[in-house]
Amino acid sequence: CKICRWHHSLPPHKEGRLQSTWLNKENHLIINVEKSTALKKSTALSFTLRKSVCMRPLCIADGNLSHQPEVRFLGVICNQHHRFDSHIDAAIERTKSATHAMVKLKRAAVNPSALALFYRARIPSMLSYSAPCWYPHVSDNGKTKLERYQKYCTRLIIHNEEDYDNRLSILK
């Protein structure tokens, strides 16, 4: 296509030099290209997600960024389709040690108010970290996973209440 021919005709060092100037001289930023990654579809001049366009890799400071199917940015994991299901899986995995501690505390006959305090301090903050950023883009399956895990955690604390909404209102 015309865009590919034009993009491939650009000298590779010119792109890197322009970005290096913008990064280093104008804004005093240094990027470690070995530690930096780009999403697979995040190539220069990628106008569409449906059509695969052959593009040269992103070049910063005379180094190419490696392309990965998932990228972690400020603790949030995003995949190449801009979905956050793997972020939800990682968040649930991080809270499993706290949930295990809740099970141990419950077996030790700790009162429910202390369990609720432990839950409020540890689990919701890990599950909802930067939720305004990723929650609107989560699939229904991801939302179901989050809800199912939260139902399990609330049932550990308040086992005699069947209604999930009532358990949530008690824990607030």
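Because the structure is a prediction, the values reported are computed rather than measured.

Criteria and thresholds
Residues numbered from 1 in each chain as written. Predicted model: local features only at pLDDT ≥ 70, side-chain atom pairs only at ≥ 80, totals over all residues. Heavy atoms only, no water. Salt bridge = Lys/Arg side-chain N within 4 Å of Asp/Glu carboxyl O. Helix = DSSP H or I, 4+ residues; strand = E, 2+ residues; numbered from the N terminus. Buried < 20%, exposed > 50% of the residue type's maximum accessible area, 1.4 Å probe, protein only. Patch = residues over 30% accessible without salt bridge, like charges linked within 9 Å, V, L, I, M, F, W, Y side chains within 5 Å. Areas by Shrake-Rupley, 256 points an atom, 1.4 Å probe, with all protein chains shown as cover. Lys, Arg positive; Asp, Glu negative; His and termini not counted. Charge placed at Lys NZ, Arg CZ, Asp CG, Glu CD. Contact = heavy atoms within 4.5 Å. Expected span 1.5 Å × (residues − 1). Arc of directions from axis to C-beta. Pairing = 2+ DSSP bridges. pLDDT = per-residue confidence, 0-100. Bend = angle between axes of the 7 residues up to and from the residue.

**Q** Help me out: how do you make sense of the pattern of salt bridges in this one?
**A** Two side chains carrying opposite charge are able to pair once their charged atoms lie near each other. The full count for this structure, using the stated rule, is 2 salt bridges. Among the salt bridges present, the one from D89 reaches K145, with a minimum N-O distance of 2.8 Å. Here D89, found in helix α3 (residues 85-107), pairs with K145, found in helix α6 (residues 140-157); they are 56 residues apart in sequence, far enough to count as distant. We classify D89 as partly exposed; its relative accessible area is 35%.

**Q** When you look at a negative patch on the surface in this model, what are you seeing that I'm missing?
**A** A surface patch of like charges, here negative, comprises E147, E162, D163 and D165. When you line up the elements, E162 lands in the loop between α6 and α7 (164-171).

**Q** Is there a simple way to think about the side chain of H87 in this case?
**A** When you line up the elements, H87 lands in helix α3. Classification of H87 by relative accessible area gives buried; the value is 1%. Beyond its immediate stretch of four places on either side in the chain, H87 contacts G75, V76, I77, R94, Y129 and W134.

**Q** Would you take a moment to explain the environment of H82 for this structure?
**A** Looking at the element boundaries, H82 is found in the loop between β6 (76-79) and α3. For the pair H82 and E70, spaced 12 residues apart in sequence, the C-alpha to C-alpha distance is 9.0 Å.

**Q** Looking at this model, I keep getting lost on α6. Mind explaining?
**A** Structurally, the α-helix is built with 3.6 residues per turn, so residues lying three or four positions apart point the same way. With 18 residues, α6 should cover 26 Å at 1.5 Å per step; its first-to-last C-alpha distance of 26 Å lies within 8% of that length. Within α6, the full set of buried residues consists of G142, L146, Y149, C153, T154, L156 and I157. Taken down its axis, α6 places every buried residue within 150 degrees of arc, on the same side. Pointing more than 90 degrees away from the buried face of α6 are the exposed residues D140 and R148. Residues of α6 that are buried make contact with α3, α4 (112-127), α5 (131-134) and α7.

**Q** Where do I start with the pairing of β6 in this structure?
**A** For a regular strand, side-chain orientation follows a simple rule: the groups alternate between the two sheet faces. Residue alternation in β6 divides its side chains into two sets, V76 and C78 and I77 and N79, and both sets are buried. As judged from the 4 bridges shared by strand β5 (residues 70-73) and β6, these two strands associate in the antiparallel manner. Bridge assignment links F73 to a residue of β6, and that residue is V76. As consecutive antiparallel partners, β5 and β6 are separated by 2 residues, and within that stretch L74 has a phi angle of approximately 55 degrees, a positive value.

**Q** I tried to follow the confidence of the model for the chain on my own but got confused; where do I start?
**A** Low-pLDDT stretches of the model should not have their predicted coordinates read in fine detail. Per-residue confidence for the chain averages 75 on the pLDDT scale, and 65% of its residues sit at or above 70. Of all helices and strands in the chain, the one with the weakest mean pLDDT is helix α1 (residues 2-9) (42), whereas α3 scores best (92). Contacts of residues 1-18 to residues separated by more than four positions or lying in other chains number 26 contacts, the stretch itself having pLDDT below 50. Scored below 50 in pLDDT, residues 42-50 makes 17 contacts in the model with residues more than four places away or belonging to other chains.

**Q** Could you clarify how one ought to interpret the side chain of T99 in this entry?
**A** With respect to the helices and strands, the residue T99 is situated in helix α3. Among the residues examined, T99 registers a relative accessible area of 4% and is labelled buried. In this structure T99 touches I123, Y149, Y152, C153 and L156, once residues within four positions along its chain are discounted.

**Q** Which parts of the structure should I look at to understand α3?
**A** With 23 residues, α3 should reach 33 Å at 1.5 Å per residue; the first-to-last C-alpha distance of 32 Å fits that figure. When the local axis directions of α3 are compared, the greatest deviation, roughly 35 degrees, occurs at K96. Of the positions making up α3, those classed as buried are S86, H87, I88, A91, I92, T95, A98, T99, M102 and V103. One or two positions beyond α3, positive phi appears at A109, with a value near 65 degrees.

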